[in-house]
Protein chains: 4
Amino acid sequence: MTAHTWLPEGASAVACLTFDVDAETGILSMDAAAADHAMAISHQQFGPEIGVPRILDILRNLRVRATFFFPGWVAERRPALVGRIAEEGHEIGHHSYSHVPASSMTPEQEERDFARALDVFGTIGVPIHGHRAGLWEASWSTPSIVAAHGLAYDSSLMGRDAPYRVATPRGSIVELPPHWSLDDWEQYAFLPFPEIGQHIKNPADVLSMWTAEVDAMRRFGGLFMLTNHPFLTGRPARAVALEQLIGHIQDAGDVPILTGHELATHLSGLTLPVHAHVRPELEDGLFPGRYSPTSQRSMEPATSAGA
Amino acid sequence: MTAHTWLPEGASAVACLTFDVDAETGILSMDAAAADHAMAISHQQFGPEIGVPRILDILRNLRVRATFFFPGWVAERRPALVGRIAEEGHEIGHHSYSHVPASSMTPEQEERDFARALDVFGTIGVPIHGHRAGLWEASWSTPSIVAAHGLAYDSSLMGRDAPYRVATPRGSIVELPPHWSLDDWEQYAFLPFPEIGQHIKNPADVLSMWTAEVDAMRRFGGLFMLTNHPFLTGRPARAVALEQLIGHIQDAGDVPILTGHELATHLSGLTLPVHAHVRPELEDGLFPGRYSPTSQRSMEPATSAGA
Amino acid sequence: MTAHTWLPEGASAVACLTFDVDAETGILSMDAAAADHAMAISHQQFGPEIGVPRILDILRNLRVRATFFFPGWVAERRPALVGRIAEEGHEIGHHSYSHVPASSMTPEQEERDFARALDVFGTIGVPIHGHRAGLWEASWSTPSIVAAHGLAYDSSLMGRDAPYRVATPRGSIVELPPHWSLDDWEQYAFLPFPEIGQHIKNPADVLSMWTAEVDAMRRFGGLFMLTNHPFLTGRPARAVALEQLIGHIQDAGDVPILTGHELATHLSGLTLPVHAHVRPELEDGLFPGRYSPTSQRSMEPATSAGA
Amino acid sequence: MTAHTWLPEGASAVACLTFDVDAETGILSMDAAAADHAMAISHQQFGPEIGVPRILDILRNLRVRATFFFPGWVAERRPALVGRIAEEGHEIGHHSYSHVPASSMTPEQEERDFARALDVFGTIGVPIHGHRAGLWEASWSTPSIVAAHGLAYDSSLMGRDAPYRVATPRGSIVELPPHWSLDDWEQYAFLPFPEIGQHIKNPADVLSMWTAEVDAMRRFGGLFMLTNHPFLTGRPARAVALEQLIGHIQDAGDVPILTGHELATHLSGLTLPVHAHVRPELEDGLFPGRYSPTSQRSMEPATSAGA
């Protein structure tokens, strides 16, 4: 068993509580036609309107700080909500502008989308230290874009379950890895069009699974990176389960709850494993499908029917 | 924590028990070819023939009133069943004529479908106070159509988990929001063609999830809007779980069970949050897919092969 | 609560244990290309080779009789297995010849397929009293074909959860209705190609769900029609759960376990609800999709690439 | 109940713990375009980088030996990892070169792919005794290729749940059958592109299901062939559940844990059931779909967009 030198003194693991406030972009980024579906849009608006205030209440009562990742599109339309969250001591994170997956853009498109969101956050006046790709669908350019714009960390890649460093041509960043198994989307997302999933798990079962994961993280010295969505976890029984999960983490006594920024700051002077993070080169004809070694991306940039 | 001024005196939450009697339209509205599938049609007919009488027995024994939403097509073919339900003191609700999603119709088609169902209910002689869109797939026109025809409430949108008001050009209505997590379709619906789902959950687990939701609703002052389908929940072990769920609500002591109409009447003199409910305007080319700002709807009206 | 006049004296419900020995036809009837997939074929052959003998042992130990539905194609290739099952006192049922859904055939094709299977059973020398459509996908012609060939019952339709009678132009038959929730396919079937499902439930949970269903059937006077597949339930922990389920039924004391034939014989002199079982007539253009009132079937008959 | 003559003396069942180290090939073999998806690639790289060392620790602590199946492509890029696993006393197995399903190749392509992987293992210097097809998608040629190259066993087919022998034109081999219900893929695999599954089960439930399977295997004298993937089961709570599962097997006292090679060696002198393992001949036009009796395979060999 290796020593977990990245851990704060006395800690067996670290927990980050993160909330992706996707709102309408959670479905518009899959298919713009979702805008015609009134119920689906209302389903997404529940997040910022009801889910976020309810989660803020819970965090305040438990005296913990969290990171709220906003697509720029959502922050632009709800600057007061962004401001309120920041005033309560939480971190605001960069979650792209449009929530359209970076893996479907050219590097130039991705960097424009990235900068556009930064402009929004700048106008609102909140500092940005970390980034998470829409749908976690980072491209091979994402880390270098994050580094070039001076952010401290990214939270999209899954190469480890503890923090690591990604070296890029434009500087290195800290990676705070999330994982599908610690995301409420795979537990609770249900919507037929756009189909975002068919998941309606019992919150009691989710709580049981995630408390066991906290305990296992303590054994292996891992980062419990929780990703929740206010439009999902903001619903009553799920919010109660979230509260109980946080209580479990606090009761453990050796799992500090940090924002992404707090953790990245702690790590800034430490030696971490370094990943080069480069696209695998593929032998021609070995694997089926659409990969071409000479193209940068496999998908065309998104365009609307009206374009 | 805000005061929940919409709640009846002494109540911590309110429960509405609603049953969507889709019968054959539950699958014909997905694909008319379902009419060729004898087993699938029999599967749907179980609802009005066995499921509804069984549920009525349970409601009578527990002395609670519920709301039964009927597509006009179903009511037209089973007027005696509609009459019997009304005579037992339950509310009959408007569930479109054909169960075809409003989001796939033009506003004119939707209003014709809406009026046609009203005619059916008028002929049968049952009063109509509330509406629910087929598949909850309300269009941006749905609330104004509901308001224009003088109904008190709609139950299709999910912007909150407590009642709110929707302002429309043709008047305002009360919204009594449902949610995917309180619908038996996502727990029990299984049929390969048309594929309505692949869900066969253990009724004991569903009961556990929903009683926890009742309890969480009491904490947050929410509306426990249960949506069940007699062709699904009318099956034996599921009907028993429904009975136990109602018993749990009654035992709570502070969660009155009201019909949609009773709740809308209670709310009529109160101040509720108001939602404007307008379609988001999208920047050209930002999101992928079929959205066009100049079209009202993204899908063509449905036509049969024989048309 | 109505009296359940169909029940044998002293019985609160009746259980039928049925096993569909689909073997290779379970996947070939979905796509003949499955024949190229060696693992998938071996996965299906487990049913007759290991699953059936294991289930026979369990039935013998518990002294219960069951009904084994065979596609004619499977019986033709394994006459000794059919004979052994019959010799142990179980019933052999008719499960089409090819397991291709009747709803995809013309009435003439369906009747030829039906007769061909009868010929196989005649050659083997086992009497046939009941029928179940492949995938339960009965056509509107199925009941009349079953009646015309002198069988006593069908077990494909789901209009009730107790036996009923289907009147056809060629005579009436008893329907012993199955249901998706009492089928092991929806609990255990997993195969990517052809994709037969993605279900791997814990047998302990399945046992819990089905014992609760037995108890609920006792309350409502229902028919507990269990459908299992030896290639699925023949696996070790699932076979043990089946054994425990049968033990639970026996312990109830008021739920006799009958073969389909025994139950149909008991019902032959009784008055049952009668269903006319006719295809719904659809208004032109009301529902989307492929339905045409002038066509008998919506799908072309199946043909292989080599035809 | 037949005597289980294949079992080692004193054993009621046998357990094999196998780990398929698919790494990047787990998704590249589905679609080469996966190479453009940085997060997805990092998700797969977790397997060899974090998952394997963690699993090795657990195996060492519990003093058990396992079999690690490597695609040649993965072994070629990580020879040190292969060497370390072998040095710790575990078996290295052959898992094709590219992980592309054998059922999508011609026999010539399959044999070239097979030999290429053997070359890789030869260069690294690890002996190879057993084979498992990518995705278990063996072709009808697979067993004869395995036999021709002198391997002792295959572990891809599912005709039994105890070892059996497959006779081929090029010699006979032992089959050590896996099954979907004992694979972590169906419990834990979640990735939207390429879509590898939507499964995130609670490890506690998986543990409960698999310990019951161990117990049932003891009753029926079966082979508990566990297939796990380090990129899935290497995650913290899942690794802990694996450890508890192994503990359960050890506590049973009559279930020896053997590598595939150890088991095949034990079986080499025994009489086992023999399967001929030939493709079923299909009557023209009986089943729908793409099968053609004159073609060897139904799918074209895979080619990349750049070819």
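Since we're looking at a predicted model, the values are computed, not measured. (Residues numbered from 1 in each chain as written. Chains lettered and ligands numbered in written order. Predicted model: local features only at pLDDT ≥ 70, side-chain atom pairs only at ≥ 80, totals over all residues. Heavy atoms only, no water.)

Undergrad: Any details on the overall build of chain A? Residues and values, ideally.
TA: For chain A, the helix and strand inventory stands at 11 helices and 11 strands. A compact globule built from 307 residues would reach a C-alpha radius of gyration of about 19 Å, and chain A, at 19 Å, matches this within 12%. Viewed in the frame of its principal axes, chain A has a C-alpha envelope of about 50 × 50 × 40 Å. Residues classed as buried in chain A amount to 67% of the 307 residues present. Taking all contacts inside chain A whose residues are at least 6 apart in sequence as the whole, residues at least 24 apart take part in 71%. Here chain A displays about 9,700 Å² of accessible surface, and carbon together with sulfur accounts for 51% of that area. (Helix = DSSP H or I, 4+ residues; strand = E, 2+ residues; numbered from the N terminus. Rg over C-alpha atoms; globule rule 2.2 N^0.38 Å. Buried < 20%, exposed > 50% of the residue type's maximum accessible area, 1.4 Å probe, protein only. Contact = heavy atoms within 4.5 Å. Areas by Shrake-Rupley, 256 points an atom, 1.4 Å probe, with all protein chains shown as cover.)

Undergrad: Give a detailed account of unusual backbone geometry, specifying residues and quantitative values.
TA: Omega for the bond connecting Phe193(C) with Pro194(C) falls within 30 degrees of zero, at -15°, which places this linkage in the cis form. Looking at the secondary structure, you find Pro194(C) in the loop between strand 8 (190-191) and strand 9 (197-198). Of note, the phi angle at Ala23(B) is positive, near 45°, even though the residue is not glycine. As for its position among the elements, Ala23(B) is in the loop between strand 1 (14-20) and helix 1 (25-28). Of note, the phi angle at Ser96(B) is positive, near 70°, even though the residue is not glycine. The topology assignment puts Ser96(B) in the loop between strand 3 (91-94) and helix 5 (107-124). For Ser96(B), a relative accessible area of 6% puts it in the buried group.

Undergrad: Quick rundown of helix 4 (residues 79-87) of chain A? Include the residues and the values.
TA: Of the positions making up helix 4 of chain A, those classed as buried are Leu81(A), Val82(A), Gly83(A) and Ile85(A). Looking one or two residues beyond helix 4 of chain A, the residue adopting positive phi is Gly89(A), at roughly 100°.

Undergrad: A description of the relation of the copies chain D and chain C should follow, citing residues and the corresponding values.
TA: The transform that puts chain D on chain C rotates by 90° and translates by 0.0 Å along the axis, for an RMSD of 0.0 Å. Read as a symmetry element, the transformation amounts to a four-fold axis. For chain D, the residue whose C-alpha comes nearest the rotation axis is Gln198(D), separated from it by 6.6 Å. Comparing contact sets, just 2% of the residues at the interface of chain D also lie at the interface in chain C, consistent with a heterologous contact between different surfaces. (Least-squares fit on C-alpha atoms with pLDDT ≥ 70 in both.)

Undergrad: Any chance you could break down the relation of the copies chain A and chain D for me, citing the residues and the numbers?
TA: Once chain A has been moved 0.0 Å along the axis and rotated by 90°, it coincides with chain D to within an RMSD of 0.0 Å. Little of the interface of chain A is mirrored in chain D, where only 2% of its interface residues are also at the interface.

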